[in-house]
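Close look at the chain arrangement
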Amino acid sequence: WGYLGHETVAFIAQNFVSQETSTWAQGILGDDGTSYLASVATWADSYRYTDEGEFTAGFHYIDANDDPPDTCNVDLERDCPEEGCIVSAIANYTSRVQSTTISSTEVQKALKWVIHFLGDIHQPLHDEALEAGGNGIDVTYDGEATNLHHIWDSDMPEQLVGGSSLSDAQTWAENLTTEIKSGSYASSAPSWLDGMDVDDVESSAMVWATETNKFVCSTVMPGGREAVETGDLSGDYYESSIGVIEERIARAGYRLAAWLDLIATGET
Ligand code: DCM
Ligand code: DCM
Ligand code: DCM
Ligand code: ZN
Ligand code: ZN
């Protein structure tokens, strides 16, 4: 996701974490302000472009070598290389944020990665190998030449919300929080936490990756890659995709809150 998506996920999580978890996270981040999770949600994207952080570039996704739109699936053995992927990275940093033997700077970085990667794993093209998660699929959006990955990360969320500032993210998060608490997601939200186990992080993350990857077949390219390479995607394609984007963001935020609760307090 772009800034808007990551910050929205973090603001939703802020709305659902327990008081104890909030205090724990604020202590690690050294920030007791109103955007304490949202303010650090995009740090991992800047860090991966630095020399020091280059090794983390591959941690933002898992390249599922499936065959959309006919077959969508994720296989950890097949798809997560020795150097790591988003699933192994969530496991590593979930462990490190709880470590008492590494420096407070490293614990803080681990928390920032957990916040970011629980967002990215909910972007369907971050769970797909084809053309580097759609980065190599050229598309037209609102008259501009761009790529399929980018419109899922940024253009479609920004079209929905009408901007990409921190306050746009906060507004979107408030809307999605209401949908989770009492709206269209209220009846299904409890089941969003199924399969979540901090003692088996890879299995938990595989539930999220597998669920999210299915949308590559059903929604991202139901007519194959050729179908998205034709025409402007800001009309009918946007309309068929935006509901999935909203629910992915909502799920990511709700799951991030529960994940942080489990790490900080052992219960949701
Ligand atoms: N991004 C965004 N809004 C901006 C700048 C960037 O949403 N004003 C997105 C584009 C990328 C992501 O954030 O998907 C990471 O940005 P970058 O690649 O510039 O680090
Ligand atoms: N590192 C990591 N995951 C680990 C161990 C290290 O991401 N399991 C990264 C984060 C640290 C860097 O390597 O900033 C250097 O770590 P160290 O000082 O432990 O060698
Ligand atoms: N990305 C992905 N899968 C890949 C390669 C990249 O999901 N196989 C993501 C990471 C960034 C975006 O695509 O969000 C752009 O990546 P980069 O800046 O590395 O081209
Ligand atoms: Zn992306
Ligand atoms: Zn990322």
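The structure reproduced in this document is the subject of the present report. (Residues numbered from 1 in each chain as written. Chains lettered and ligands numbered in written order. Predicted model: local features only at pLDDT ≥ 70, side-chain atom pairs only at ≥ 80, totals over all residues. Heavy atoms only, no water.)

A few words on the site of ligand 3. Near ligand 3, the surroundings consist of Arg48, Tyr49, Tyr61, Asp63, Leu125, His126, Ala132, Asn135, His149 and Asp153. Within the side chain of Arg48, an N or O atom sits 3.0 Å from an oxygen atom of ligand 3. In the environment of ligand 3, an oxygen atom lies 3.1 Å from a nitrogen or oxygen atom belonging to the side chain of His149. (Near = heavy atom within 4 Å. Polar contact = N/O pair within 3.5 Å; in protein donor to acceptor, adjacent residues only side chain to side chain.)

On to helix H2 (residues 19–29). Taken as a whole, H2 has its buried residues at Thr21, Ser22, Ala25, Gln26, Ile28 and Leu29. All buried residues of H2 fall inside an arc of 160° around its axis, so they share one side. The exposed set on the far side of H2, more than 90 degrees from its buried face, consists of Gln19, Glu20 and Gly27. Check the buried side of H2 and you find it contacts helix H6 (104–120) and helix H12 (236–265). Where H2 terminates, the next one or two residues include Gly30, which has phi positive at roughly 65°. (Buried < 20%, exposed > 50% of the residue type's maximum accessible area, 1.4 Å probe, protein only. Helix = DSSP H or I, 4+ residues; strand = E, 2+ residues; numbered from the N terminus. Arc of directions from axis to C-beta. Contact = heavy atoms within 4.5 Å.)

This paragraph deals with the coordination of the zinc ion (ligand 5). Within the protein, the atoms that donate to the zinc ion (ligand 5) are Asp45 (OD), His60 (ND1), His116 (NE2) and Asp120 (OD), at distances of 2.0 to 2.8 Å. Between the four donor atoms coordinating the zinc ion (ligand 5), the angles at the centre fall across 86 to 175°, so the site counts as irregular. Between the donor residues of the zinc ion (ligand 5), the gaps in sequence give the motif D-x14-H-x55-H-x3-D. In this structure, the zinc ion (ligand 5) lies 5.6 Å away from the zinc ion (ligand 4). Residue His116 and its partner Asp120 are located together in helix H6, separated by four residues, close to a single helical turn. Given a relative accessible area of 0%, His116 falls into the buried group. Residue classification places Asp120 among the buried residues on the basis of a relative accessible area of 1%. (Donors = N, O, S within 2.8 Å, 3.2 Å for Na, K, Ca; no water. Tetrahedral: all angles 85-135°; square planar, octahedral: opposite > 155°, others 65-115°.)

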